[in-house]
Every structure is written in C-alpha cells, then in structure tokens.
Amino acid sequence: MVVEVDELNDETVDRLFHALADTTRRDILRRCVRGELSVSRLAEAYPMSFAAVQKHVAVLERAGLVAKQRSGREQLVRTDPDAVGRARQALDELESAWRGRVDRMARLLADDPGTEENDTPEGPER
C-alpha cells in the first residue's frame, strides 16, 4: 500500500499509529530499515510463533510501513522510505493544530481587560 504524503486521512493515520504503537512492530521496522529480511529470519528474533510475526508484519504492511516481496519460497520484508515522512506529517499536523489553539488562547487572554484587573497583589475583589 503506497500512500502519498499529502493523502493522510483519519483511517490512514489510525493504521499508521496503531502499527507503531507496538514494541515488536517498531523493532521489526528498525530491523528492516537496515535491509530486507525474510519473515522467517525475523521470526528467529522473537519469542513468539512464526504466525505471530507474520501478523505483525501484516499490520505494518497495511499501514504502508513495509512491503513484502516473494523471493523463491521466502517473503522478503522491506521498509517504505516514505513511511517515516507520513508519520512525521501526521505529527506535524497535530502540532500545528495545537500551537494554533495555544496561540489563539494567548491572544484572547492578552486582549481580556478583566485579566489585568484581577492580577492585583490583593487578588480579585469579592
């Protein structure tokens, strides 16, 4: 599954962060960044069944973080070089939204004439 960086919708972001939320899947991703590995070679590194590793790889594949390619009897797993860019874009969009909210809140507080009156050393009048 190849997703262009500017095509991030909620479903794509959900799959991406669901895949990255698991320690094993992040480790599989790190191992595959160094070079293609077969699913059977990956399975040797974990205290779980081959089928469990296959499921982890499938989650990564659905998220567009890795791709599988058959080579003889083996399935080779490789990372998508643009995957990190998609995760970064999603985080950048969230950061931008929050910074915008904080900036708007700061402007509102700065423009609120009641804020300065209540900041006297004695505190607000009651």
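In the block above lies the structure referred to throughout.
So, here is what we can say about the structure in this document. (Residues numbered from 1 in each chain as written. Predicted model: local features only at pLDDT ≥ 70, side-chain atom pairs only at ≥ 80, totals over all residues. Heavy atoms only, no water.)

## Notes on the side chain of R25
Working step 1: Note that R25 resides in helix 2 (residues 23-33).
Working step 2: D22 provides the closest opposite charge to the buried, salt-bridge-free R25, at an N-O distance of 4.4 Å.
Working step 3: Sequence-distant contacts of R25, that is, excluding residues within four places in its chain, are made with H18, A19, H56, V59 and L60. (Helix = DSSP H or I, 4+ residues; strand = E, 2+ residues; numbered from the N terminus. Buried < 20%, exposed > 50% of the residue type's maximum accessible area, 1.4 Å probe, protein only. Lys, Arg positive; Asp, Glu negative; His and termini not counted. Salt bridge = Lys/Arg side-chain N within 4 Å of Asp/Glu carboxyl O. Contact = heavy atoms within 4.5 Å.)

## Section: the pattern of salt bridges
Working step 1: Counted by the stated rule, this structure contains seven salt bridges.
Working step 2: The residue R15 makes a salt bridge to E11 at a minimum N-O spacing of 2.8 Å. With a gap of four residues between them, R15 and E11 both fall in helix 1 (residues 10-20), about one helical turn apart.
Working step 3: The class for E11 is exposed, based on a relative accessible area of 53%.
Working step 4: As a salt-bridge pair, R30 and D27 come within 4.0 Å of each other at their nearest N and O atoms.

## Structural notes on helix 1
Working step 1: T12, V13, L16 and A19 are the residues of helix 1 that are buried. Seen along its axis, helix 1 keeps its buried residues to an arc of 135 degrees; they face one direction. Seen from the buried face of helix 1, the exposed residues on the opposite side, beyond 90 degrees, are D10, E11 and D14.
Working step 2: The residue sitting at the N-terminus of helix 1 and contributing the capping side-chain oxygen is N9; that oxygen lies 3.1 Å from the backbone nitrogen of E11. (Arc of directions from axis to C-beta. Polar contact = N/O pair within 3.5 Å; in protein donor to acceptor, adjacent residues only side chain to side chain.)

## Structural notes on the pairing of strand 3 (residues 74-79)
Working step 1: As paired elements, strand 1 (residues 37-38) and strand 3 share two bridges and run antiparallel to each other. Following the sheet pairing, S38 is matched in strand 3 by L76.
Working step 2: Here six bridges tie strand 2 (residues 66-71) to strand 3, and the two strands are oriented antiparallel to one another. Residue pairing for strand 3: Q69 is matched across the bridge by L76. (Pairing = 2+ DSSP bridges.)

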